[in-house]
Amino acid sequence: MLNPFAGKLPRGAYIHVPFCLSKCAYCNFYSIAAGPELYRNYTDHLLKEIDLEMADFWHQRGEQGHQIPLSSLYFGGGTPSLLPVEELAEILERLKQHFFITDKTEITLEANPSSSLSPQLRAWRKLGINRLSLGLQTTDDDLLKNLGRRHNYQQFLESYQGARELGFQNISLDLIFGLPYEKLEDWEQDLRTVLALAPDHLSFYSLQLEEGTALGDTLLDDPSSLPSEDEERDMYHLLMRVLPQHGLFPYEISNAARTGFESRHNTLYWQAEPYFAFGPAASSYTRGERRDRPADLELWENYIDQGPSLDTYTDARAKACESEMIDGEEARREFMLLGFRMLAGVSETRYRACFDENMKERFGEELDRLIQRGLIEQSPDEDRFALTLLGRDLANQVFLEFV
């Protein structure tokens, strides 16, 4: 059974920048505390990886390489805003040799708030970066300190207002709820403060405790300071009620946006579309293959050093990276699982266009079970299935049907 996405040209690219000034107490993403001495070496290897990966991509397709139009380019991490502007400029120029990037391409940079961000903001604008993702997390300074964040709310405010004054018209903010000792009224105050700023996009997550993180090691054994599951659900339901009143419309379980400002980068993921990725710990999905690069800067650099020969590079990459071929059956299940993250749900029309079969015939039993349990509902035109409010609360039970 063939994967119809295997032959599609990816429309998005992700760059993982693994550097942070310090590790946040809740973070389990790959990042290292490092100074400028490592940035240059990282950038040199990243430029080399981009060239090698694109040469291999076209070689595997048996085609002459050409610029691929990008809808979305996303710099994530880590803290991409730590990279010197000159090195960001080099990366963008190299990407433009392989991709068709215009002022219509959504170019996102994740940045941590700082009172000294203004010079960088101006430089990023000149580079063509047109979307910022600011890691606010909470407006409460004590909670920010508990999370290991290096900024306070006033520094965030200076960053946000500075970005607006310099012409950034697409700014996303991150918020975390369900924090230790947080009450519903605290979360309500957080929302009131943030929504008064009129952000264009909001990502919101309940605190996830992970082993090996400072908060996880502290709270997994004694979670008594955390809100109860019911209190956490009340926080989420409050969010769902309040956001539309401020012009932010939830379009995915953990994301809301002003109309037209939905994240293109994440939407590609949720639509099970292919995408390029570069950098340590980055995961790509091209030619029907999902490849996870090692979450280790040295291992990543070592296999890239095996270029410029494609044969030695791809052999070394195969040993260092984990990869999985997504066949047609798995592609169908991913289409359903990821699609149910979107509040619009999964579309029979799009499913048929992708797989040339009837979605209700292929997944009828799973859909019927979920409808009977009240976790999903069918649209009046019978083209879509989407999560109910209960389904949003119990989304993992929906996803399990398609694992």
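Residues numbered from 1 in each chain as written. Predicted model: local features only at pLDDT ≥ 70, side-chain atom pairs only at ≥ 80, totals over all residues. Heavy atoms only, no water.

> It is not clear to me how the overall build of the chain should be interpreted in this structure. Could you clarify?
A tally of regular secondary structure across the chain gives 17 helices and 19 strands. Computed over C-alpha atoms, the radius of gyration of the chain comes to 22 Å, within 12% of the 22 Å expected from 2.2 N^0.38 for 403 residues, which places it in the range of a compact globule. Over its C-alpha atoms, taken along the principal directions, the chain stretches across nearly 60 × 55 × 45 Å. In the chain, which comprises 403 residues, the share counted as buried stands at 54%. Long-range pairs, those at least 24 residues apart, make up 71% of the contacts in the chain between residues at least 6 apart in sequence. As displayed, the chain offers around 18,200 Å² of accessible surface, 48% of which is attributable to carbon and sulfur atoms. The average position of the 40 basic charges and that of the 66 acidic charges among the side chains of the chain differ by 6 Å. (Helix = DSSP H or I, 4+ residues; strand = E, 2+ residues; numbered from the N terminus. Rg over C-alpha atoms; globule rule 2.2 N^0.38 Å. Buried < 20%, exposed > 50% of the residue type's maximum accessible area, 1.4 Å probe, protein only. Contact = heavy atoms within 4.5 Å. Areas by Shrake-Rupley, 256 points an atom, 1.4 Å probe, with all protein chains shown as cover. Lys, Arg positive; Asp, Glu negative; His and termini not counted. Charge placed at Lys NZ, Arg CZ, Asp CG, Glu CD.)

> So what exactly am I meant to see when it comes to the packing of aromatic side chains here?
The geometry of an aromatic ring pair is captured by two quantities: the separation of the ring centres and the angle between the planes. Under the counting rule described, the total for this entry stands at 24 aromatic pairs. Where Tyr-303 meets Tyr-313, the ring centres are 5.9 Å apart and the plane angle is 40 degrees; that geometry is what we call tilted. With Tyr-303 in helix H10 (residues 297-304) and Tyr-313 in helix H11 (residues 310-320), this pair connects stretches of sequence that are ten residues apart. Among the aromatic residues, those joined into a cluster by ring pairs are Phe-5, Phe-335, Phe-340, Tyr-351, Phe-355, Phe-363 and Phe-402. Positioned above the aromatic ring of Phe-261 is the side chain of Arg-258, whose terminal nitrogen or guanidinium carbon lies 4.2 Å from the ring centre. The side chain of Arg-290 reaches across the aromatic face of Tyr-285, ending 4.7 Å from its centre. (Phe/Tyr/Trp six-rings, centres within 6.5 Å; stacked < 30°, edge-to-face > 60°. Lys NZ or Arg CZ within 6 Å of the ring centre and 35° of its normal.)

> Explain a negative patch on the surface to me, please; I cannot follow it from the model alone.
A cluster of acidic residues, Asp-140, Asp-141, Asp-142, Glu-185 and Asp-186, forms a negative patch at the surface. Among the secondary structure elements, those contributing two or more residues to the negative patch are helix H4 (141-146) and helix H6 (184-195). You can see Asp-142 is positioned in helix H4. (Patch = residues over 30% accessible without salt bridge, like charges linked within 9 Å, V, L, I, M, F, W, Y side chains within 5 Å. Salt bridge = Lys/Arg side-chain N within 4 Å of Asp/Glu carboxyl O.)

> How do you make sense of the sheet that holds strand E8 (residues 131-137) when you look at a structure like this?
Strands pair in a sheet through their backbones, by hydrogen bonds, and they do so in one of two ways: parallel or antiparallel. Here nine strands make up an open sheet; going across it, the order is E11-E12-E10-E9-E8-E7-E5-E1-E13 and the pairing mixed. Each of the sheet's edge strands pairs with one partner strand only, and the pair in question is strand E11 (249-252) and strand E13 (276-278). Taken over all neighbouring pairs, the strand axes of this sheet differ in orientation by 20 degrees on average, direction set aside. Inspection of the sheet shows strand E1 (residues 12-17) paired to E13 by three bridges, in the parallel sense. Paired with Ile-15 across the two strands is Phe-278, which belongs to E13. Helix-sheet contacts for helix H2 (residues 85-98) involve E1, strand E5 (72-77), strand E7 (106-111) and E13, and the interaxial angle to E5 is about 145 degrees. (Pairing = 2+ DSSP bridges. Axes fitted to C-alpha atoms, helices over the stretch in contact; angles between N-to-C directions.)

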